[in-house]
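Chains, contacts and geometry: an overview
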Amino acid sequence: MEFLPDDLQKYVEDHSEPESDLLQQINRETHLHVLKPRMLSGHLQGRVLSMLSHMIAPKNILEIGTYTGYAALCMAEGMQKDGRLITIDNNEELAVRTKEYFSKSEYADRMDMRIGNALEVIPTLKEKWDLVFIDADKENYANYFDLVIERVNKGGFIIADNVLWSGKVFDMSKNDKDTEAIRTFNKKMHTDSRVQNVLFPIRDGLMILRKL
């Protein structure tokens with residue numbers, strides 16, 4: 001969901017760094033050929049992720065929920081030269097398309113896509129993370145946080161997408177499982193003493209967490 005009026009959204013995007021040719025291709029082809037294209041991070045959120053990654057300069061990035069790879073490639077822009085990005089998704093069919101996009105990027109040899117259940121894959125990873133991006137099934141957001149927090153470096157960041165959930169989080173008449181899961185996650189992040197948090201009203205909401 002976009003919370004800004006269309007004309008203001010266009011102005012913001014027109015005055016933000018443009019997408020690369022590859023990101024434009026992913027954006028266009030996702031909307032043409034892939035189910036639920038609104039799941040794509042898109043221009044503005046992608047540039048925000050790129051800017052945050054440049055500021056953090058991560059060596060190790062973990063992404064939970066790959067989709068067509070747009071957000072992963074945006075975060076890779078700020079990765080250290082010897083850095084690595086591991087991304088996890090359970091959609092084996094879509095992974096064929098996503099890996100093709102990765103292969104066209106300058107980060108191809110530093111992108112590692114794992115196919116499987118993230119709850120099972122994450123415990124097998126031994127890296128210490130500088131940046132984690134959570135954008136998968138909403139019911140497990142809190143579980144993903146619990147799995148990664150002890151392996152995030154002090155001063156490292158966790159970013160969670162869709163934390164405004166199309167405005168449902170503040171509409172108490174909405175009580176479906178995903179909405180309740182996001183509410184629970186947001187409350188947990190706001191009260192967890194291990195992290196500093198700020199909720200950005202960008203696109204569908206980004207929760208930015210810094211490991212203390």
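That block above? That's the structure.
Keep in mind that what you see is a predicted model, and the values were worked out from it rather than measured.

Here we come to the nonpolar core. The biggest cluster of nonpolar side chains holds 33 residues, and the ones touching the most others in it are Ile26, Leu73, Met111 and Ile159. Those elements that place two or more of their residues in this core are helix H2 (21-33), helix H3 (42-56), helix H4 (70-76), helix H5 (92-103), strand S3 (111-115), strand S4 (129-134) and strand S7 (206-211). If you tally residues by element for this core, the top one is H4, at 7 residues. If we skip the residues at most four places from it in the chain, isoleucine 159 touches Leu49, Leu52, Leu131, Val132, Phe133, Ile134, Leu206, Met207 and Ile208. Counting residues in each nonpolar core, the second largest holds 30 residues, with Ile64, Val132, Ile149 and Ile158 among its members.

Next up on the list: the pairing of S3. As a general feature of sheets, a regular strand has side chains that alternate between the two faces. Both strand S2 (residues 84-89) and S3 contribute to a ladder of 5 bridges, which runs parallel. Note on S3: the bridge partner recorded for threonine 87 is methionine 113. In this view, the connection linking S2 to its parallel neighbour S3 by way of H5 has right-handed handedness.

With mixed pairing, 7 strands are arranged side by side in an open sheet as S3-S2-S1-S4-S5-S7-S6. Whereas interior strands pair on both sides, the edge strands pair on one side only; in this sheet they are S3 and strand S6 (195-200). Averaged over all pairs of adjacent strands, the angle between their axes in this sheet comes to 15 degrees, without regard to strand direction. Sitting on the sheet, helix H7 (residues 141-148) is in contact with strand S1 (60-64), S4, strand S5 (152-161), S6 and S7, with an inclination near 165 degrees to S5.

A few words on helix H8 (residues 177-191). Here H8 is 15 residues long and its end C-alpha atoms lie 21 Å apart, about the 21 Å a rise of 1.5 Å per residue gives. Within the sequence span of H8, burial applies to Thr179, Ala181, Ile182, Arg183, Phe185, Asn186 and Met189. Looking at the buried residues of H8, the elements they touch are H7, S5, S6 and S7. Residue aspartate 176 occupies the N-cap position of H8, its side-chain oxygen lying 3.3 Å from the main-chain nitrogen of aspartate 178.

What counts and what doesn't
- All residue numbers refer to positions counted from 1 along the written sequence of the respective chain.
- Residues qualify for local features only when their pLDDT is at least 70, as the model is predicted, and side-chain atom pairs are given and counted only at 80 or more; totals for whole chains, interfaces and linings, by contrast, use all residues.
- Hydrogens are left out, water is left out, and the side-chain values use all remaining heavy atoms of the structure.
- Among the buried residues, those of types Ala, Val, Leu, Ile, Met, Phe, Trp, Tyr and Cys that are joined through side-chain atoms within 4.5 Å form a nonpolar core.
- A simple rule labels every residue: compare its accessible area, found with a 1.4 Å probe on the protein chains alone, to the largest value its type can have, and call it buried under 20%, exposed over 50%, or partly exposed in between.
- Strands here mean DSSP runs of E at least two residues long; helices mean DSSP runs of H or I at least four residues long; both are numbered from the N terminus.
- Contacts: residue pairs with any heavy atoms within 4.5 Å of one another.
- Any two strands with at least two DSSP-identified bridges between them are counted as paired.
- Orient the strands so they point away from the viewer; a crossover is then right-handed if the path from the first strand over the helix to the second runs clockwise.
- The convention used is that axes are lines fitted to C-alpha atoms, helices contributing only their stretch in contact, and that angles between N-to-C directions extend from 0 to 180 degrees.
- For a helix, the expected span equals 1.5 Å multiplied by the residue count minus one.
- Residues adjacent in sequence count toward polar contacts only when both atoms are side-chain atoms; beyond that, a polar contact is any pair of N or O atoms within 3.5 Å, and within protein one must be able to donate a hydrogen and the other to accept it.

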